[in-house]
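These are the residues of each chain, in order.
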Amino acid sequence: MKFAFVYLALLLGALSASVLAESASPRLRLLTEDYPPFNIALEEGKIGGLSTDILRELFQRAGIPYSMELLPWLRAYAIAQQEDNSCVYSTSRTPSRESQFKWVGPLVSNSWSLFAGPHSPAGVAALDDARGYTIGSYKGSGMSQYLADLGFKLELARADDLNARKLVAGHIDFWASGEFSGAYIASANRLPIRLLFSFNTVQMYLACNPGMDERIVLKLNKTLLNMQRDGVVDALRKHYR
């Protein structure tokens, strides 16, 4: 009888531990690049930016443990596709990417824009006017894929800030970047670059590995919706205007 009681207690303990293990949220690995003002590399390895601020508030409210890392975009994007419980931000949600991730958001809107430098050809007032010219973008971005699909001539850099210097030097004719990120990079480096026009607006998300537990994705999206409704997201945006 005593043996049966001990066995039952051990069994119940094991079951309780199993339930707790299953209910506990795994630590999510959030990966990003330096893409101001949405994700910004700060001193001592810290990460700032609008999307980062929104995600920190989101994960705190949701009670889900996480870590953040700043990596080159192609590496961050590949890890999120390949590793469980990993996500990448700020990721443009496009039709070609739809089935590759589970999506949390939108976090922010991003206007894709064309920038000119001191050596850029004149007379370009719309995207079609730029056909035949070399447009700088960066590898793995939704913007470069969009322009490639439309048949534009591209020169791809490994990081977006390199395009700004190539534009000023006359190595590319135009530069395609986010409206805010392009202006931020130009201003921070005091480069003579001007915005011509925006040609597309996309929503940017936290893109998570397709194997992510659907319950976590639903919880994050529900929490984010509540943040949008109670004005927290708008309040965070005001810091970057």
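Residues numbered from 1 in each chain as written. Predicted model: local features only at pLDDT ≥ 70, side-chain atom pairs only at ≥ 80, totals over all residues. Heavy atoms only, no water.

**Side note on the pattern of salt bridges**
Moving on, step 1. Under the definition given, this model contains ten salt bridges.
Moving on, step 2. For R29, the salt bridge goes to E69, with nearest N and O atoms at 2.5 Å. On the criterion of sequence distance, the pair formed by R29 in strand β1 (residues 28–32) and E69 in strand β4 (residues 66–70) is long-range, its members being 40 residues apart.
Moving on, step 3. Look at E69 and you get partly exposed, because its relative accessible area is 25%.
Moving on, step 4. Connected through salt bridges with shared partners, the residues R29, E69 and E83 form a single ionic network. (Salt bridge = Lys/Arg side-chain N within 4 Å of Asp/Glu carboxyl O. Helix = DSSP H or I, 4+ residues; strand = E, 2+ residues; numbered from the N terminus. Buried < 20%, exposed > 50% of the residue type's maximum accessible area, 1.4 Å probe, protein only.)

**A word on the UniProt feature "domain: Solute-binding protein family 3/N-terminal" (unreviewed entry) in the protein**
Moving on, step 1. Per the UniProt record, the feature "domain: Solute-binding protein family 3/N-terminal" (unreviewed entry) sits at residues 33–240.
Moving on, step 2. What you have in residues 33–240 is 35% helix and 29% strand, and the ends, taken at the C-alpha atoms, are 18 Å apart. (UniProt positions renumbered as here; feature names shortened; annotations may be inferred.)

**Quick notes on empty space enclosed by the protein**
Moving on, step 1. One pass over the full model with this rule turns up one cavity of 30 Å³ or more.
Moving on, step 2. Roughly 100 Å³ of internal volume is contained in the largest cavity.
Moving on, step 3. As for the largest cavity, its lining consists of 13 residues, of which S92, Y138, S141, G142 and M204 are closest to the centre.
Moving on, step 4. Among the secondary structure elements, those contributing two or more residues to the lining of the largest cavity are β5 (86–92), β6 (102–116) and α4 (142–149).
Moving on, step 5. The residue inventory of the lining of the largest cavity, partitioned by class, reads six nonpolar, five polar and two charged. (1 Å grid on protein atoms, 1.4 Å probe; cavity = no way out; pocket = protein on both sides within 12 Å on 5 of 7 lines; lining within 4 Å. Points joined across faces, edges and corners; volume = space filled by probe spheres on them. Nonpolar A, V, L, I, M, F, W, Y, C, P; charged D, E, K, R; others polar.)

**Comments concerning unusual backbone geometry**
Moving on, step 1. In this structure, the amide linkage connecting P36 to the following residue, P37, adopts the cis form with an omega of 5 degrees.
Moving on, step 2. Along the chain, P37 turns up in the loop between β1 and β2 (40–41).
Moving on, step 3. Cis rather than trans, the peptide bond between Y89 and S90 has omega equal to -5 degrees.
Moving on, step 4. In this fold, S90 is placed in strand β5.
Moving on, step 5. If you check the backbone angles, N85 has positive phi at about 60 degrees while not being a glycine.

**Thoughts on the side chain of S92**
Moving on, step 1. Positionally, S92 belongs in strand β5.
Moving on, step 2. Judged by relative accessible area, which is 6%, S92 ranks as buried.
Moving on, step 3. What S92 contacts, discounting residues up to four positions off in sequence, is R97, W103, W112, V202, Q203 and M204. (Contact = heavy atoms within 4.5 Å.)

**Concerning the side chain of S113**
Moving on, step 1. Relative to the helices and strands, S113 is located in strand β6.
Moving on, step 2. Among the polar contacts made by the side chain of S113, one reaches the main-chain carbonyl oxygen of S111 at a distance of 3.3 Å.
Moving on, step 3. Side-chain polar atoms of S113 contact the side chain of S198, separated by 2.8 Å. (Polar contact = N/O pair within 3.5 Å; in protein donor to acceptor, adjacent residues only side chain to side chain.)

**Focus on the pairing of β6**
Remark: a regular strand shows side chains that alternate across the two faces of the sheet.
Moving on, step 1. Within β6, eleven of the 15 residues are buried, which leaves it mostly tucked inside the rest of the structure.
Moving on, step 2. Alignment of β6 against strand β10 (residues 194–208), held across twelve bridges, turns out to be antiparallel. In the strand pairing of β10, S113 is matched with S198.
Moving on, step 3. Relative to strand β9 (residues 174–178), β6 runs antiparallel, the two sharing five bridges. When the sheet's bridge partners are listed, F115 is paired in β9 with W175. (Pairing = 2+ DSSP bridges.)

**Topic: the nonpolar core**
Moving on, step 1. Counting residues in hydrophobic clusters, the biggest one holds 57 residues, and the most contacted among them are I54, F59, L206 and L220.
Moving on, step 2. Ranked by the residues each element gives to this core, the list is headed by β10, at eight residues.
Moving on, step 3. Ignoring sequence-local partners within four residues, the contact set of L206 consists of L30, L55, F59, C87, V88, Y89, K102, W103, V104 and L107.
Moving on, step 4. Residues A164, I172, W175 and A186 belong to the second largest nonpolar core, which totals nine residues. (Core = buried A, V, L, I, M, F, W, Y, C linked by side-chain atoms within 4.5 Å.)

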